[in-house]
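Overview (structure and organization)
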Number of protein chains: 2
Amino acid sequence: MEPALPCAACPLRPLPDFKPVTPTELASIYDAKVGQRLCAAGATILAEGQVATRVYTLLKGWAFRFKTLEDGRRQILNFLLPGDLLGLQGELHAALPHGVEALTPVNLCAFGSDALPRFFSRHPSIALDITWLSAHEERLVDDVVLTVGRRTAMERVAALLVHLYKRAASAGLIETSGIQLPLTQMHIADALGLSVVHTNRVLQRLRKGGFIRLEDQRLSIGDLQAMRRVGRYWEEPAPRRPLL
Amino acid sequence: MEPALPCAACPLRPLPDFKPVTPTELASIYDAKVGQRLCAAGATILAEGQVATRVYTLLKGWAFRFKTLEDGRRQILNFLLPGDLLGLQGELHAALPHGVEALTPVNLCAFGSDALPRFFSRHPSIALDITWLSAHEERLVDDVVLTVGRRTAMERVAALLVHLYKRAASAGLIETSGIQLPLTQMHIADALGLSVVHTNRVLQRLRKGGFIRLEDQRLSIGDLQAMRRVGRYWEEPAPRRPLL
DNA sequence: GTGGATCATTATCCCAGGTTAATGACGCCG
DNA sequence: CGGCGTCATTAACCTGGGATAATGATCCAC
């Protein structure tokens, strides 16, 4: 594990979607960090069922949470982008009920094992932020349930692409006319409860309809509103989120 | 709203699945309660998109969280049983991203609007319990995503019935050879991303296979292990959960 | 006791999406 | 260079589960 990067120079924190912190809070957060963890693309960050986990903030890169059935069927629960907290479930429960895998090379800020109790006993505002992040992730998963349970394949794909586009933007990952989308079609399929083959069919239709450009892991969406309509997908405007 | 019932005489707390509390904690919890709210079966407890919500603990009865698409398709996110906390999402976000509806007559313990900040600043152990409950609910929803995304209709129904059976048991609702299951087949369908008709077909098969008895809203499961196998459903042993 | 809800049940029909398989395009390694 | 693994793409085929509709059974309210 690398030594911890100084939080004062955090590249994420200045982004407009993150909630400002007081200098005291920032110091406590930095204080609780024990280092950076680097993972290669495709690496397992946290194993399904793992017992002692640590809490991390994802600083750089993409990852995803997933669960599997014993016969190999896999379901992606949600994607993790810079600023997201991970490992909280393992810290609070006995074993981690899901796995976490890196999609790109990933840089994680690691917290010490005593960070959680310390925040809760000494820094109520940070404790509340942690709870907020937990509740926020649940909100995302709630959306996934609606998508997978009640949207058609076309709606699912459109909704997911809009969702990821907006989240990437919020994490400062917008580039000229598009984002880097480090997913294979299998990831999209596993996130939406579809087969790879059908995912491909739907993507073709979206491309031929002129809704998206997607090649070489670069996604651009010509008309976001049109895509929202296709996916029946409208999120509420997101408030600024805390960052640990 | 009725006056708050004394927490010292709470019928839930003595159950073996709840974590013990210190007298101090119990006093603080009781202190934060502002009363009981009663809702009829079928009533909306919290409306989708509602702005100012309150936090409640479900004391008695069954309810469910849900989201809808604008054309009416509905997805049930999870079921709420005695001991569950609800409304946290509304307290932490601007608007409640899902609705909550009562399945039976329901009795809720209501917390004051300042309860959350007060717990966090003065009672770290209770604050941590709240976070635990939030993370735990997310765990349940994660399971739902796996079920709806990757299980077959038969597996879904079996897994849901086992899940609800165990949760009802944990809330002290086991009666002679079975539980009261206050759901219509439409609720089951909406929870599993199925149509009502197909849900009925699957239930018939489970009945004819001798796996379940289900009539008149009473469910009994002859062989839990067999049902688990049908549903490919195995939960980890649940640790004792906190109760607010 | 009769018209109208709601809910369970079944049958008929049919399509959205799964399964299998074959083909290419790359990129990587020896 | 040639073999291999991963991905994307398409075609052919088929099935799990959706849609629609009809029939009862209760349980009201009037």
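Here, residues in each chain are numbered from 1, in the same order as that chain's written sequence. The naming scheme follows written order: chains are lettered A onward, ligands numbered 1 onward. The predicted nature of this model means local features are confined to residues of pLDDT at least 70 and side-chain atom pairs, given and counted, to a pLDDT of 80 or more, with totals for whole chains, interfaces and linings taken over all residues. Side-chain figures throughout are based on the complete set of non-hydrogen atoms in the structure, without hydrogens or water.

Turning our attention to the protein's contact with DNA strand D. A molecule or strand has a residue near it when one of that residue's heavy atoms lies within 4 Å. In the vicinity of DNA strand D there are 15 residues, among which A:Q185, A:N200, A:R207, B:S195 and B:R201 approach most closely. The sugar-phosphate portion of DNA strand D accounts for 62% of its atoms within 4 Å of the protein, the bases making up the rest. Pairs of N or O atoms within 3.5 Å make up the polar contacts considered here, provided that, within protein, one atom can donate a hydrogen while the other can accept it, and that residues adjacent in sequence are counted only when both atoms are side-chain atoms. At 2.6 Å, a side-chain N or O of A:Q185 approaches a phosphate oxygen of DNA strand D. At a separation of 3.0 Å, a phosphate oxygen of DNA strand D approaches a polar backbone atom of B:A153. Numbering of helices and strands runs from the N terminus, with a helix taken as a DSSP run of H or I at least four residues long and a strand as a DSSP run of E at least two residues long. Those elements that place two or more of their residues in the surface near DNA strand D are α7 (196-208) of chain A together with α7 (196-208) of chain B. Basically, the charged four are Asp, Glu, Lys and Arg, the nonpolar ten are Ala, Val, Leu, Ile, Met, Phe, Trp, Tyr, Cys and Pro, and anything else, Gly included, counts as polar. Grouping the amino acids of the surface near DNA strand D by side-chain chemistry returns four nonpolar, eight polar and three charged.

For the rest of this paragraph, the subject is the sheet that holds strand β6 (residues 85-86) of chain B. Any two strands are treated as partners once DSSP identifies two or more bridges connecting them. Ordered in space as β1-β8-β3-β6 (chain B), the four strands form an open sheet in which the pairing is antiparallel. If you trace the sheet from one side to the other, it starts and ends with β1 (33-39) and β6 of chain B, each paired once.

Our next topic: the domain arrangement of chain A. All names here are of chain A. You can read the domains of chain A as domain 1 (7-141) and domain 2 (145-231). One C-alpha centre belongs to domain 1, the other to domain 2, and the line joining them spans 24 Å. Only heavy atoms matter for contacts: two residues are in contact if any of them lie within 4.5 Å across the pair. Between domain 1 and domain 2, the residue contacts involve 16 residues of the former and 21 residues of the latter. Buried area counts how much accessible surface, traced with a 1.4 Å probe, disappears from two parts once they are put together, with both parts' losses summed. For the domain 1 and domain 2 pair, buried surface summed over both sides reaches about 1500 Å², with 64% attributable to carbon and sulfur atoms. Of all residues in domain 1, W62, R74 and F79 bury the most surface against domain 2, accounting for 37% of the area lost on that side. Throughout this description, the term salt bridge denotes a Lys or Arg side-chain nitrogen within 4 Å of a carboxyl oxygen of Asp or Glu. Here domain 1 is connected to domain 2 by two salt bridges. Note that R74 is salt-bridged to D190, the shortest N-O span being 2.8 Å. At the junction of domain 1 with domain 2, the criterion picks out eight residue pairs in polar contact (both at pLDDT 80 or more). When residues of the side of domain 1 that touches domain 2 are traced back to their parent elements, those giving at least two are β5 (74-80) and α4 (124-150). The domain limits used here are those given by an automatic or database domain assignment.

Turning to the interface of chain B and chain A, a few remarks are in order. At the junction of the two partners, chain B supplies 49 residues and chain A supplies 50 residues. Of the roughly 4500 Å² buried between chain B and chain A on both sides combined, carbon and sulfur atoms contribute 61%. Three residues, B:F120, B:E138 and B:R150, lead the burial of chain B against chain A; their summed loss comes to 17% of the area buried on that side. Counting across the interface, chain B meets chain A through 11 salt bridges. Connecting chain B to chain A are 24 residue pairs in polar contact (both at pLDDT 80 or more). Looking at the side of chain B that touches chain A, the elements with two or more residues in it are β4 (63-68), β5 (74-80), α2 (88-92), α3 (115-122), α4 (124-150) and α6 (185-192) of chain B. Per element, the largest residue contribution to the side of chain B that touches chain A is 21 residues, and it comes from α4(B). Here the residues of the side of chain B that touches chain A are counted per class, giving 21 nonpolar, 11 polar and 17 charged.

Okay, the packing of aromatic side chains next. Residue and element names in this part refer to chain A. Stacked, tilted and edge-to-face pairs are distinguished by plane angle, under 30 degrees for stacked and over 60 for edge-to-face with tilted covering the rest, among Phe, Tyr and Trp rings (Trp via its six-membered ring) whose centres lie within 6.5 Å. For the coordinates displayed, the defined rule picks out seven aromatic pairs over all chains. With a centroid separation of 6.2 Å and an interplanar angle of 75°, the aromatic rings of F111 and F119 are classed as edge-to-face. Buried, partly exposed and exposed residues are distinguished by accessible area as a fraction of the type maximum, computed with a 1.4 Å probe on protein chains only: under 20%, between the cut-offs, and over 50%, respectively. When its relative accessible area of 1% is taken as the criterion, F111 is described as buried. In textbook terms, an aromatic cluster arises when at least three aromatic residues are bridged by ring pairs, as seen for F64, F66 and F79.

Residues and elements named next belong to chain A. Strand order across the open sheet formed by four strands is β2-β7-β4-β5, with antiparallel pairing between neighbours. The outermost strands of the open sheet, each flanked by one partner alone, are β2 (44-46) and β5. With strand direction ignored, the average angle separating the axes of adjacent strands in the sheet is 35°. Taken together, the four bridges between strand β4 (residues 63-68) and strand β7 (residues 99-102) define a ladder with antiparallel strand orientation. Convention adopted: a line fitted to C-alpha atoms gives each axis, helices being fitted over their contacting stretch, and angles between N-to-C directions are expressed from 0 to 180 degrees.

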